Amino acid sequence: MDLPKQINQVTADDAILWRDGHLFLLDQRKLPGEVTFLELHSAAETARAITEMVVRGAPAIGITAAYGVVLAGSLAFQSSPEDWKGAIESDLESLRRSRPTAVNLFWALRRMAALIQTLPDNKDPGDDLLQEAVRIHTQDREANRRMGELGASLLEADSGVITHCNAGALATGGYGTALGVIRSAHKRGLIRQVFADETRPWLQGARLTAWELLQDGIPVTLLADGAAAHRMAQGGVDWIIVGSDRIAANGDVANKIGTYSLAVAAKHHGVKVMVAAPTSTIDMEIPCGSEIPIEMRDADELLSCGGRQIAADGAGVWNPVFDITPAELVNAIVTERGVVLSPNEKKIEKMMMNRPESL
Ligand code: MRU
């Protein structure tokens, strides 16, 4: 098995691999210290890996779930060749329940379910399902490249940028959404400095974004989450560039907890906010952000850090892991189908109707 074993052998594009009929996920909980791939054989194992943050980031969750359906299809056909479509239902449901906020998960599962409807009842669906999962994976990577170019075109020379969480190759099919824009802008020589919020409690910024950017030779300066507003007040920040887990039809944006505070502070300091996300992140069935389900996670994620208790015994915890940034605080939504400035429902609807031939 040709899987990388050392940190200098693995790249962020290797986070989701399909090899010899099985799914391999780079365990993102252990980065950047350790390179471990988990080998998954079933949809139940895939759902658990998503819930437990082995893989995270909205598009990556969707892609992983699609491969989970491939595993489920082959197993269902082996156990119930007469009724594999019935047998796969509980697996689809366990994947749907793995995390609630990122709509890419439900989008990818809907795509796989639509394909299942068209497949013959009496043939192993493995190859057809795999082709569709690979298509979802490849299309996401292509969408990120296009968003990278579109987003970079909004930046001027000598730009200072703050990003939050990890919206990079690790969080997607490759290249990244927000980090895709930063990568493309860096290639064009437009970036003076990238600041990455450390992003408590999972430290996606410190562990993952910093690792990805440094691998690409893009210098990065870490900020404690609470330092971002002060950084803006000091000057030298032109854009906040983030990804998203779900964008409502009116342009309200769900993203990692702390994005809303960044956007409020950005407005105060005249800093612009860009959200880069594929159209698979846009949920036209949800009219506004208040209807987006926000995941609440375990108290222990705040009570401890790196396996050590850090909070006073007896402290209560409120741990929503996403928040909603109202559309009025967003200057640009960048998708593979185009850029929406000052987003609202009409503009988003129009952009969704635009289908570039190459995608
Ligand atoms: O909890 P996570 O790590 O899955 O949260 C990820 C984010 O909030 C990302 O910003 C978002 O999914 C966009 S990834 C391209």
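The sections below set out a description of the structure shown in this document. Given the structure is predicted, the values throughout are model-derived calculations rather than measurements.

The next point concerns the site of the ligand. The environment of the ligand is formed by 19 residues, the closest being Ala-58, Arg-99, Gln-204, Asn-255 and Lys-256. Contacts to the ligand include Arg-99, whose side-chain N or O atom sits 2.8 Å from an oxygen atom. Measuring from an oxygen atom of the ligand, one finds a side-chain N or O atom of Asn-255 at 2.6 Å. When isolated, the ligand has an accessible area of 410 Å², and the protein chains bury 100% of it. Here the ligand is seated within the largest cavity. Among the secondary structure elements, those contributing two or more residues to the shell around the ligand are helix H2 (58-79) and strand S9 (253-256).

The subject of this paragraph is the sheet that holds strand S7 (residues 239-242). Read from one edge to the other, the open sheet built from 7 strands follows the order S6-S5-S4-S7-S10-S15-S16, with strand pairing classed as mixed. Of all strands in the sheet, those bounded by a partner on one side alone are strand S6 (221-223) and strand S16 (338-341). Shown here is a sheet whose adjacent strand axes are inclined to one another by a mean of 25 degrees, direction ignored. When strand S4 (residues 159-163) meets S7, the two strands line up parallel, connected through 2 bridges. The partner of Val-161 across the bridge, within S7, is Trp-239. Packing against the sheet, helix H10 (residues 259-269) makes contact with S4, strand S5 (191-197), S7 and strand S10 (272-276), and its axis sits at approximately 160 degrees to S7.

This part takes up empty space enclosed by the protein. Summed over all chains, the structure comprises 1 cavity of 30 Å³ or more. Estimated volume of the largest cavity: approximately 170 Å³. As for the largest cavity, its lining consists of 22 residues, of which Arg-56, Gly-57, Ala-58, Asn-166 and Asp-245 are closest to the centre. Every element with two or more residues in the lining of the largest cavity is listed here: H2 and S9. Residue classes in the lining of the largest cavity are distributed as 10 nonpolar, 8 polar and 4 charged.

Quick look at the packing of aromatic side chains now. Summed over all chains, the structure comprises 1 aromatic pair. Note on Trp-18 and Tyr-67: the rings are 5.5 Å apart at their centroids and 15 degrees apart in plane angle, and the pair reads as stacked. Of this pair, Trp-18 sits in strand S1 (residues 16-19) while Tyr-67 sits in helix H2, placing them 49 residues apart in sequence. Here the basic side chain of Arg-183 rests over the ring of Tyr-175, its NZ or CZ set 6.0 Å away from the ring centre.

About the cut-offs
- Residues numbered from 1 in each chain as written.
- Predicted model: local features only at pLDDT ≥ 70, side-chain atom pairs only at ≥ 80, totals over all residues.
- Heavy atoms only, no water.
- Near = heavy atom within 4 Å.
- Polar contact = N/O pair within 3.5 Å; in protein donor to acceptor, adjacent residues only side chain to side chain.
- Areas by Shrake-Rupley, 256 points an atom, 1.4 Å probe, with all protein chains shown as cover.
- 1 Å grid on protein atoms, 1.4 Å probe; cavity = no way out; pocket = protein on both sides within 12 Å on 5 of 7 lines; lining within 4 Å.
- Sits in = over half its atoms within 2 Å of the grid points.
- Helix = DSSP H or I, 4+ residues; strand = E, 2+ residues; numbered from the N terminus.
- Pairing = 2+ DSSP bridges.
- Axes fitted to C-alpha atoms, helices over the stretch in contact; angles between N-to-C directions.
- Contact = heavy atoms within 4.5 Å.
- Points joined across faces, edges and corners; volume = space filled by probe spheres on them.
- Nonpolar A, V, L, I, M, F, W, Y, C, P; charged D, E, K, R; others polar.
- Phe/Tyr/Trp six-rings, centres within 6.5 Å; stacked < 30°, edge-to-face > 60°.
- Lys NZ or Arg CZ within 6 Å of the ring centre and 35° of its normal.

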